[in-house]
Amino acid sequence: MMQPINLHDYEMLAQKRLARPVWDYYQGGSDDEISLRDNRAAFARLRLRPRVLVDVNNCNTATSVLTRELTMPILIAPTAAHGMAHSQGECETIQGADAAGSGMIVSNDATRSLEDISRVSHGLRWYQLYIRTLSEARQLVKRAEVAGYQAIVLTVDTPLLSRRERDIRNKMGSFQRTYYPGAFAGNVFNSINGSIDDDERAAYAGHTLTWDIIAWLRTHTSLPIILKGILTAEDAALAVQYGAEGIIVSNHGGRQLDGVIAPIEALPEIVAAIDGQCPIYLDGGIRRGTDVLKALALGAQAVMIGRPILWGLAVGGSEGVKHVLQILQQELRSAMVLVGSPTIKHISRSLIQWT
Ligand SMILES: Cc1cc2nc3c(=O)[nH]c(=O)nc-3n(C[C@H](O)[C@H](O)[C@H](O)COP(=O)(O)O)c2cc1C
Ligand SMILES: CCCCC(=O)C(=O)O
């Protein structure tokens, strides 16, 4: 078997291992997949301004996120249904994250229960919440708190699940129910209802949610509340005003509204609007250490990766997940040496060429 040396190798190997409908569900975006492609293209458009003759002998990617020490500023983005990539599902994934000194945001729609996943982890773990009903959300948040999760990530870009035409063509809903029953139901039963490829997709994660939901959530948990799916300065300002303690700049990996701005291009205006009031994270299209470097240079505290973790999980279980993270860490380290930023704190905006 080919030995994977970068994330693209993992992508190729994973494609060979996964059934077509699963591969398409993991890989795909919405409508014409413009945003999906643009997430990568936007990183490629940015150019770096390296500094030379800096002592980089002790270059180190270590950082801290919400007071936790990590070996790298890279976390695992919440992705649903890891049971379609590995028999142990998210329990396998999170052990890879721990082994690499990273951390994981566990999806609301995980295959395994949040308690099972927590039991095999000692590291950074946040719970990603979809609010379908308030009573369900209240219970989930309590369970997450009891199980030792350290933050609640509320995803706000999914009042409905977008049209993913690969899934519609593959009849993914019925494929999944036949071959992977329960893949999305580790925490909440019957909430998906086969809506992945349903043209009449139901109100998915709350048609009726508004900014007041943050105050409601605050009355039910003392954990930090982080909003995922912010793409504008206006919403970033509202997030802070309504009490969010962190935001994730994200377009859901190009899977929700097609044609939206790439997160890396939205980042500068959001950093300006937030003006240091809360930490900012970013996900979408990160496949190289230089992508991580660019996001940090533009003001992200850390980044998250979604699909590459699923590739690692499918190819090599927890070892694959760990290796994917370590490859990215190694690449980041090389990039830091070559631009003359020996620590994460040295990485600054002046590394980016404005065109
Ligand atoms: C297969 C898949 C499932 C996902 N499931 C969720 C989810 O349950 N909750 C969520 O907030 N985001 C979900 N996302 C979005 C990711 O958290 C993240 O925003 C995106 O994958 C980042 O882009 P990348 O895959 O290019 O790294 C999912 C993404 C993928 C690819
Ligand atoms: C059907 C589960 C939805 C998970 C999700 O957010 C995604 O697929 O992007």
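Criteria and thresholds
Residues numbered from 1 in each chain as written. Chains lettered and ligands numbered in written order. Predicted model: local features only at pLDDT ≥ 70, side-chain atom pairs only at ≥ 80, totals over all residues. UniProt positions renumbered as here; feature names shortened; annotations may be inferred. Helix = DSSP H or I, 4+ residues; strand = E, 2+ residues; numbered from the N terminus. Rg over C-alpha atoms; globule rule 2.2 N^0.38 Å. Contact = placed C-beta atoms within 7 Å. Core = buried A, V, L, I, M, F, W, Y, C linked by C-beta atoms within 7 Å. Buried ≥ 20, exposed ≤ 12 C-beta atoms within 10 Å, placed from the backbone. Near = placed C-beta within 6 Å. Nonpolar A, V, L, I, M, F, W, Y, C, P; charged D, E, K, R; others polar. Pairing = 2+ DSSP bridges. Right-handed = clockwise from strand over helix to strand, strands pointing away. Arc of directions from axis to C-beta. Axes fitted to C-alpha atoms, helices over the stretch in contact; angles between N-to-C directions. Left-handed = near helix turned anticlockwise from the far one by under 90°.

As recorded in an unreviewed UniProt entry, the protein goes by Alpha-hydroxy-acid oxidizing enzyme and comes from Dictyobacter aurantiacus. According to the UniProt record, the Sequence similarities (unreviewed entry) comment for the protein is "Belongs to the FMN-dependent alpha-hydroxy acid dehydrogenase family." Quoted verbatim from the Cofactor (unreviewed entry) heading of the UniProt record, the comment on the protein is "FMN".

(A) The arrangement of the overall build of the protein in detail. Within the protein, the regular secondary structure consists of 13 helices and 12 strands. A compact globule built from 355 residues should have a C-alpha radius of gyration of about 20 Å, and the protein, at 19 Å, falls within 12% of that. The principal-axis extent of the C-alpha atoms belonging to the protein is close to 60 × 50 × 40 Å.

(B) Layout of the UniProt feature "active site" (unreviewed entry) in the protein. Residues annotated by UniProt as "active site" (unreviewed entry) correspond here to H252. Tracing the chain through its elements places H252 in the loop between β9 (246-249) and α11 (263-274). Each residue touching H252, except ones within four places of it in the same chain, is listed here: D157, T158 and G229.

(C) Quick peek at the nonpolar core. Ranked by size, the top nonpolar core spans 108 residues in total, and within it I152 and V303 carry the most contacts. The element that contributes the greatest number of residues to this core is helix α13 (residues 307-339), accounting for 15 residues. Setting aside its immediate chain neighbours within four residues, V303 contacts P73, I74, Y281, L282, D283, I286, V292 and A295.

(D) Expanded view of the site of ligand 1. A77, S107, T155, G253 and G306 are the nearest of the 24 residues found near ligand 1. The residue makeup of the shell around ligand 1, split by class, is seven nonpolar, 12 polar and five charged.

(E) Representation of the pairing of strand β6 (residues 124-129) within the structure. Burial analysis of β6 places six of its six residues in the buried class, the great majority of the element. Alternating residues of β6 divide into L124, W126 and Q128 and R125, Y127 and L129, and every residue in both groups is buried. In this sheet, β6 lies alongside strand β5 (residues 103-106) in parallel orientation, the contact comprising four bridges. Counterpart to G103 in the pairing with β6 is L124. After leaving β5, the chain enters helix α5 (residues 114-119) and then returns to the sheet as β6, a path that is right-handed.

(F) A look at the UniProt feature "binding site: glyoxylate" (unreviewed entry) in the protein. Mapped onto the present numbering, the UniProt feature "binding site: glyoxylate" (unreviewed entry) falls at Y25, R164, H252 and R255. In summary, the annotated positions, though distributed over 231 residues, converge in three dimensions, the widest C-alpha pair being only 13.3 Å. Tracing the backbone shows Y25 in helix α2 (residues 20-27). H252 gets classed as buried once you count the C-beta atoms within 10 Å, which come to 25.

(G) Fine view of helix α1 (residues 7-17). Buried residues of α1: L7, Y10, L13 and A14, and no others. One side of α1 holds all its buried residues, which, seen down the axis, span an arc of 120°. In α1, the exposed positions that point more than 90 degrees away from the buried face belong to M12 and K16. Looking at the buried residues of α1, the elements they touch are α13.

(H) Fine view of the environment of L313. Structurally, the position occupied by L313 is in helix α13. Every residue in contact with L313, bar those within four places of it in the chain, is listed here: H82, A85, H86, E92, T93, G320 and V321.

(I) Fine view of the packing of helix α10 (residues 233-241) against α11. α11 packs onto α10 with a crossing angle of 35° between their chain directions and a minimal axis gap of 8 Å. In this structure, α10 meets α11 at a crossing whose hand is right-handed. Taken together, the residues of α11 that come into contact with α10 (itself represented by A233, A236, A237 and V240) are E269, I270, A272, A273 and I274. Taken together, the residues that form the contact of α10 with α11 break down as eight nonpolar, no polar and one charged.

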